[in-house]
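Here is how the chains run, residue by residue.
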Amino acid sequence: KRVAVLISGSGSNLQALIDSTRDPTKNSAAEIVLVISNKATAYGLERAKQAGICSLVVDHKNYASREEYDRILHEKLLNANIDIVCLAGFMRILSGEFTRNWTGKMINIHPSLLPLFKGANAWKQALNSGVRVTGCTVHFVEEDVDAGGIIVQETVPIKPDDTEESLLERIHTVEHKAYPTALELIAAGRAKLSEDKKVIWC
Ligand code: GRF
């Protein structure tokens, strides 16, 4: 399957996806063929270059509306014959039309155990709430932000002396395991989204 990864920043999840799909021992059903960033300064673009993967900057500032931006994004994905879209720290809310076009073919990673702590700074929300366990979630993307059928979750215990930084670091470590696992499940057709938006396991 031809995969595009959408980023806005450091791209450590992008790196984990590149490494796992290229690991010869894993015989992956996925190949990352395109990286798109809405920010020209995203370090993930450098990672794509290092890996010899085609990358594009599609800066939202050059488009008048969200809909217009998303139409261009959609066009770029179609032009590259993309089968699966992975959102990996892509800091843009996608329009309903775009999301519907990619239903069942677009996944996202979020730094909490959804449906808890949706939105920004999810690990801080978890730390401040007093829960003793958090983690990360890879899920199909739906129109509602941070909602949609859950494919993989990994837990992270919250330690009494955790700071925002130390907790985030441990969440990142499990993200780098969870995202490749989820992508493989989708690419190999072992997890799918049903008509009524439930995950079916094959
Ligand atoms: C991750 O924590 C992910 O859960 C969130 O954005 C962050 C991206 O980090 N959606 P990176 O750019 O992959 O390093």
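Residues numbered from 1 in each chain as written. Predicted model: local features only at pLDDT ≥ 70, side-chain atom pairs only at ≥ 80, totals over all residues.

Looking at this structure, I do not really get the overall build of the chain. What am I missing?
Secondary structure assignment for the chain yields 6 helices and 9 strands. A compact globule built from 202 residues should have a C-alpha radius of gyration of about 17 Å, and the chain, at 16 Å, falls within 12% of that. Projected onto its principal axes, the C-alpha coordinates of the chain cover approximately 50 × 40 × 40 Å. For the chain, with 202 residues in total, the buried portion stands at 38%. Looking at the chain alone, contacts between residues at least 24 apart form 66% of all its contacts between residues at least 6 apart. (Helix = DSSP H or I, 4+ residues; strand = E, 2+ residues; numbered from the N terminus. Rg over C-alpha atoms; globule rule 2.2 N^0.38 Å. Buried ≥ 20, exposed ≤ 12 C-beta atoms within 10 Å, placed from the backbone. Contact = placed C-beta atoms within 7 Å.)

Which parts of the structure should I look at to understand the sheet that holds strand β5 (residues 106-110)?
One key point about sheets: their strands pair by backbone hydrogen bonds, in either a parallel or an antiparallel sense. Taking strand neighbours across the sheet as the criterion, the 7 strands line up as β3-β2-β1-β4-β5-β6-β7 in an open arrangement whose pairing is mixed. Since the sheet does not close on itself, it has two edges, and those belong to β3 (54-57) and β7 (150-157), each with one partner. With strand direction ignored, the average angle separating the axes of adjacent strands in the sheet is 20 degrees. Of the pairings in the sheet, the one linking strand β6 (residues 133-140) to β7 comprises 7 bridges and is antiparallel in character. (Pairing = 2+ DSSP bridges. Axes fitted to C-alpha atoms, helices over the stretch in contact; angles between N-to-C directions.)

Looking at this structure, I do not really get the packing of helix α1 (residues 12-22) against helix α6 (residues 164-187). What am I missing?
Axis angle and axis distance: for two packed helices, these are the angle between their axes and the distance between the axes, and together they describe the pair. Orientation of α1 relative to α6, taken along the N-to-C sense of each, is 50 degrees, at an axis distance of 9 Å. As judged from the angle between their axes, α1 and α6 are oblique. Crossing angle aside, the handedness with which α1 passes α6 is right-handed. Along its contact with α1, which presents Ser12, Asn13, Ala16, Leu17 and Ser20, the element α6 presents His172, Glu175, His176, Tyr179, Pro180 and Leu183. Split by residue class, the contact of α1 with α6 holds 5 nonpolar, 5 polar and 1 charged. (Parallel < 35°, antiparallel > 145°, perpendicular 65-115°, else oblique. Left-handed = near helix turned anticlockwise from the far one by under 90°. Nonpolar A, V, L, I, M, F, W, Y, C, P; charged D, E, K, R; others polar.)

I'm lost on the site of the ligand in this one. Help?
Neighbouring the ligand are 14 residues; Ser10, Ser12, Asn13, Gly89 and Pro111 lie closest to it. If you list the elements that add at least two residues to the shell around the ligand, you get α1 and β5. Among the elements that take part in the shell around the ligand, α1 stands out by supplying 3 residues, more than any other. (Near = placed C-beta within 6 Å.)

Is there a simple way to explain the nonpolar core in this structure?
Inside soluble globular proteins, nonpolar side chains tend to come together where they are buried. Residues Val5, Cys86 and Ala182 are the most contacted members of the largest nonpolar core, which totals 53 residues. Top contributing element to this core by residue count: α6, with 8 residues. (Core = buried A, V, L, I, M, F, W, Y, C linked by C-beta atoms within 7 Å.)

What exactly am I supposed to notice about helix α3 (residues 66-79) here?
The α-helix winds at 3.6 residues per turn, so residues separated by three or four positions along the chain end up facing the same way. Look at α3: 20 Å from first C-alpha to last across 14 residues, which is about the 20 Å you get at 1.5 Å a residue. For α3, the set of buried residues is Tyr69, Asp70, Leu73 and Leu77. Across the axial projection of α3, the buried residues extend over an arc of 95 degrees, all falling on one side. Seen from the buried face of α3, the exposed residues on the opposite side, beyond 90 degrees, are Glu67, Glu75, Leu78 and Asn79. Residues of α3 that are buried in the fold lie against β1 (2-7), β2 (31-37), β4 (84-87) and α4 (96-101). Note on α3: the residue one or two positions beyond its end, asparagine 81, has a positive phi of about 55 degrees. (Expected span 1.5 Å × (residues − 1). Arc of directions from axis to C-beta.)

Would you mind showing me how to read the environment of tyrosine 69 here?
Note on placement: tyrosine 69 falls in helix α3. Taking the C-beta count within 10 Å as the criterion, tyrosine 69 has 21 such neighbours and is therefore assigned buried. Between the alpha carbons of tyrosine 69 and asparagine 38 there is a distance of 9.9 Å; along the sequence they are 31 residues apart. Discounting chain neighbours no more than four positions away, the residues touching tyrosine 69 are His60 and Tyr63.

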